[in-house]
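Chain by chain, the residues:
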Amino acid sequence: METILVLTHVDETGSTLTKASLEAVTAGVELAGQLSAKLTIGILGPASVEAANAAAGAVAATGARLLAVSGEAFAQPRYATDAAGGEALARAAQASIVLAPGSSRFVRVAAGVAHRLGGFIDTHITALSSNDSVDATRWFYRQRVEAAISREARPWFLLLDAGTHAPFAGEPAAAQVEAVTVTLPPVRTTVEGLRSPMRDAQTIRPDAKLLFVAGAGWTKKQPDGQIHVAVAGELILSFLRLSGASLGSSKSLADQKAEGEESVLPFLSHMNQIGQTGSTPRHAKGLSTCCHGEEPHVVGWRFIGERRAISLDPNCGWTRGKADVVYVADAFQVMAKVNALLEARSS
Ligand SMILES: Cc1cc2nc3c(=O)[nH]c(=O)nc-3n(C[C@H](O)[C@H](O)[C@H](O)COP(=O)(O)OP(=O)(O)OC[C@H]3O[C@@H](n4cnc5c(N)ncnc54)[C@H](O)[C@@H]3O)c2cc1C
C-alpha cells in the first residue's frame, strides 16, 4: 500500500504555505483518496514550531498527519539545509510517493533528496491518476506530446507544475505539527539578504489571471509612416499596472532588444518570450497585441484558457482558428481606450 507525503514549504512570511504548496496538497488529497493511502503533509521552512503550527492550520482539514522541519537554519532556502530537511521529512513519513510543488526552492533539492533515499524523480507533472498503478502525466516536445509515466521504483518523487491543481482551500483550524529533528549538515552558505527587482519591473507574474502579449508590431511603422515605440511602451506598462497582467512577448520583439536595435521596449527580455523556444505559462485568459500568431509562438499558448488578439491583419494566424476572439483593429487605439476605462474604474 502506498504512503503519500506532500512536501510543502512556507513563503517569505515564514508562517504561510505557498500557493504552489497548497496545489500539491490538493493533488495529494485526491491521490490518497483514489488509492485509500495514508497521507502525510511535511512542512519545510518555518523559523519556529509556532510558525509551523500556524502554517499547518491551512491544511488541518485534510486530516493528514502533519510533520514539520522548522528552525532558523531552515528559514532560508539553501541546498544543504533544504535537502537535509526534505530527507528527514520523507524518512519520517516512510513515504513511497512524494508529491512536491515544482517551486525554485524544491526544484533545486528534490532530485538530491530522491537520490539520498534511493528513489526516483519525475518533474513537470501536470496530472495524477490511479487505476492498478499510479500514472503521472507530463508534456514533452514543447507541450506537443503528452505522456503518462508509471514506475515500480519507490520512493517516487513527483514535482508538480504550478497551476495544474486548485490550491487546497479547507476550513483553517488549529493544528499541532509533529516536529521532525534534523542533524544539521555542515553549512557553507550564509544567506545575507534578498535582492529583488522593483515591483514595477517584475513584468512576469505567474499568478496573474491575464497574460498580455506584445508582438513586434508595436515597434513597426504605423499607418502614419512613423514608429511610436515610446507611446507603445507607455501603453503596455500602463495596462500592466492597471490590470495586474503578466507580460509575454513574441520572439521577434524580444530579439530586437537582444540585437541592440534602437526602437525597442527596454522592459522586455527573453524571459518574457512565449512559444516554442520560450515559455508556456498558465493563465485563465490571454490578450495578444500586434503579434501575427504564428505557430511557433501560439504553441506557447496551450495552457491559456481564453485567447483574444488585436491585430491589424485580418488574415493573421489568430484569425485562422487560433484565438477565440480577434479584434481587427489598431492596438494603439484599442489599448489607449482600454487603459482610459481601467483608469476611470480605479479612480
Ligand atoms: C525554430 C523557431 C522557433 C521559434 N520560436 C518562437 C517562440 O518561441 N516564440 C515566438 O514568438 N516566435 C517564435 N518563432 C518565430 C515565429 O515564427 C514568428 O516569426 C514570430 O512569432 C513573429 O513575431 P510577431 O508576430 O510579433 O511579429 P510579426 O510577424 O512581424 O507580426 C507583427 C504583427 O503586428 C501587426 N501590427 C502592426 N501594427 C499593429 C497595430 N497598430 N495594431 C495591431 N496590430 C498591428 C501586424 O499586422 C503583424 O501581424 C520561432 C521561429 C522558429 C523558426
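None of the values given here were measured: they were computed from a predicted structure.

Draft legend 1. Up close: the site of the ligand. Lining the immediate environment of the ligand, one finds 28 residues, of which K220, Q222, S250, T277 and H292 sit closest. The backbone of G278 places a nitrogen or oxygen atom 3.3 Å from an oxygen atom of the ligand. E294 is positioned with one of its side-chain polar atoms (N or O) 2.8 Å from an oxygen atom of the ligand. Within the complex, 78% of the 1000 Å² of free accessible area of the ligand lies under protein. Mapped onto the shell around the ligand, the elements with two or more residues apiece are α7 (251-258), α8 (295-298), β13 (304-311) and α9 (331-346). Classifying every residue of the shell around the ligand gives ten nonpolar, 13 polar and five charged.

Draft legend 2. Broad picture of empty space enclosed by the protein. Inspection of the entire model under this criterion finds two cavities of 30 Å³ or more. What lines the largest cavity is L7, D82, G86, A100, F106, V109, A110, V113 and F157. It is helix α5 (residues 104-116) that contributes the most residues to the lining of the largest cavity, four residues altogether. Its residues assigned to classes, the lining of the largest cavity comprises seven nonpolar, one polar and one charged. Broken down by element, the residue count for the lining of the second largest cavity peaks at three residues, all from helix α1 (residues 19-35). The residue inventory of the lining of the second largest cavity, partitioned by class, reads five nonpolar, two polar and two charged.

Draft legend 3. Region of the structure containing a nonpolar patch on the surface. Taken together, the side chains of F140, Y141 and V145 present a nonpolar region at the surface, about 310 Å² in accessible area. Within the fold, F140 resides in strand β6 (residues 134-140). For F140, a relative accessible area of 37% corresponds to the partly exposed category.

Draft legend 4. Layout of unusual backbone geometry. Each neighbour pair has its own omega, and for R154 with P155 the value is -5°, a cis peptide bond. Tracing the backbone shows P155 in the loop between β7 (145-149) and β8 (156-160). Not every positive phi belongs to a glycine, and S36 is a case in point at roughly 50°. Positive phi, normally seen in glycine, also occurs at C290, with a value near 55°. With respect to the helices and strands, C290 occurs in the loop between β12 (283-289) and α8. The exposure class of C290 is buried, given its relative accessible area of 17%.

Calculation notes
- Residues numbered from 1 in each chain as written.
- Predicted model: local features only at pLDDT ≥ 70, side-chain atom pairs only at ≥ 80, totals over all residues.
- Heavy atoms only, no water.
- Near = heavy atom within 4 Å.
- Polar contact = N/O pair within 3.5 Å; in protein donor to acceptor, adjacent residues only side chain to side chain.
- Areas by Shrake-Rupley, 256 points an atom, 1.4 Å probe, with all protein chains shown as cover.
- Helix = DSSP H or I, 4+ residues; strand = E, 2+ residues; numbered from the N terminus.
- Nonpolar A, V, L, I, M, F, W, Y, C, P; charged D, E, K, R; others polar.
- 1 Å grid on protein atoms, 1.4 Å probe; cavity = no way out; pocket = protein on both sides within 12 Å on 5 of 7 lines; lining within 4 Å.
- Points joined across faces, edges and corners; volume = space filled by probe spheres on them.
- Patch = residues over 30% accessible without salt bridge, like charges linked within 9 Å, V, L, I, M, F, W, Y side chains within 5 Å.
- Salt bridge = Lys/Arg side-chain N within 4 Å of Asp/Glu carboxyl O.
- Buried < 20%, exposed > 50% of the residue type's maximum accessible area, 1.4 Å probe, protein only.

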